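Below are the chains, spelled out letter by letter.
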Amino acid sequence: MKNVGLTVCGNRYEIKLEDDFADFVNKDLADAGVNLHTDNKPDKLLKAYLRLAKQATSYEDEIELLIETLDGL
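Residues numbered from 1 in each chain as written. Predicted model: local features only at pLDDT ≥ 70, side-chain atom pairs only at ≥ 80, totals over all residues. Heavy atoms only, no water.

(A) Examining the pairing of strand β2 (residues 11-17) more closely. Examined bridge by bridge, strand β1 (residues 2-8) and β2 share 7 bridges and lie antiparallel to one another. Bridge pairing links glycine 5 to glutamate 14 in β2. (Pairing = 2+ DSSP bridges. Helix = DSSP H or I, 4+ residues; strand = E, 2+ residues; numbered from the N terminus.)

(B) Seen up close, the packing of aromatic side chains. Inspection of the entire model under this criterion finds 1 aromatic pair. Taking 6.1 Å as the distance between ring centres and 20° as the angle between the ring planes, the aromatic pair formed by phenylalanine 21 and phenylalanine 24 counts as stacked. One end of the pair is phenylalanine 21 and the other is phenylalanine 24, both in helix α1 (residues 19-31) and 3 residues apart, which spans about a single turn. Accessibility expressed as a relative area gives 41% for phenylalanine 24, which makes it partly exposed. (Phe/Tyr/Trp six-rings, centres within 6.5 Å; stacked < 30°, edge-to-face > 60°. Buried < 20%, exposed > 50% of the residue type's maximum accessible area, 1.4 Å probe, protein only.)

(C) Structural view of the side chain of threonine 7. Here threonine 7 shows up in strand β1. Within the local environment of threonine 7, its side chain forms a polar contact with the side chain of arginine 12, the two groups lying 3.2 Å apart. Among residues more than four places away in sequence, those in contact with threonine 7 are Arg12, Thr38, Asp39 and Asn40. (Polar contact = N/O pair within 3.5 Å; in protein donor to acceptor, adjacent residues only side chain to side chain. Contact = heavy atoms within 4.5 Å.)

(D) Seen up close, the side chain of asparagine 40. With respect to the helices, strands and loops of the structure, asparagine 40 is situated in strand β3 (residues 39-40). Among the residues examined, asparagine 40 registers a relative accessible area of 3% and is labelled buried. Reaching out from asparagine 40, the side chain makes a polar contact with the backbone oxygen of asparagine 35 at a distance of 2.6 Å. Each residue touching asparagine 40, except ones within four places of it in the same chain, is listed here: Thr7, Val8, Cys9, Gly33, Val34 and Asn35.

(E) View of a negative patch on the surface. The grouping of Glu60, Asp61, Glu62, Glu64, Glu68 and Asp71 at the surface amounts to a negative patch. Assignment of secondary structure puts glutamate 60 in helix α2 (residues 42-71). (Patch = residues over 30% accessible without salt bridge, like charges linked within 9 Å, V, L, I, M, F, W, Y side chains within 5 Å. Areas by Shrake-Rupley, 256 points an atom, 1.4 Å probe, with all protein chains shown as cover. Salt bridge = Lys/Arg side-chain N within 4 Å of Asp/Glu carboxyl O. Lys, Arg positive; Asp, Glu negative; His and termini not counted. Charge placed at Lys NZ, Arg CZ, Asp CG, Glu CD.)

(F) Structural context of α1. Across its 13 residues, α1 extends 18 Å between first and last C-alpha, which sits within 8% of the 18 Å expected from 1.5 Å per residue. All of the buried residues along α1 are Ala22, Val25, Asp28 and Leu29. End-on, the buried residues of α1 take up no more than an arc of 135°, which puts them together on one face. Exposed and facing more than 90 degrees away from the buried side of α1 are Asp20 and Lys27. Looking at the buried positions of α1, the neighbouring elements they touch are β1, β2 and α2. (Expected span 1.5 Å × (residues − 1). Arc of directions from axis to C-beta.)

Taken by themselves, the reported measurements are silent on function.
Here it is, written out as structure tokens:
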């Protein structure tokens, strides 16, 4: 287990996550412009969330397309 922490509007939040998932979260937040060591504005977190939501939707669309393709075989 690893801690993932970030500060938003002066409030520090820490959560324990499985090692691999914590590494993913830390990398994804950094890629989205969220700084894990300084204060962040809420809009950065919203943008990070929307970025992941878009990826998830894209993955769901790809899975559905693959299922349709396999059903057609």
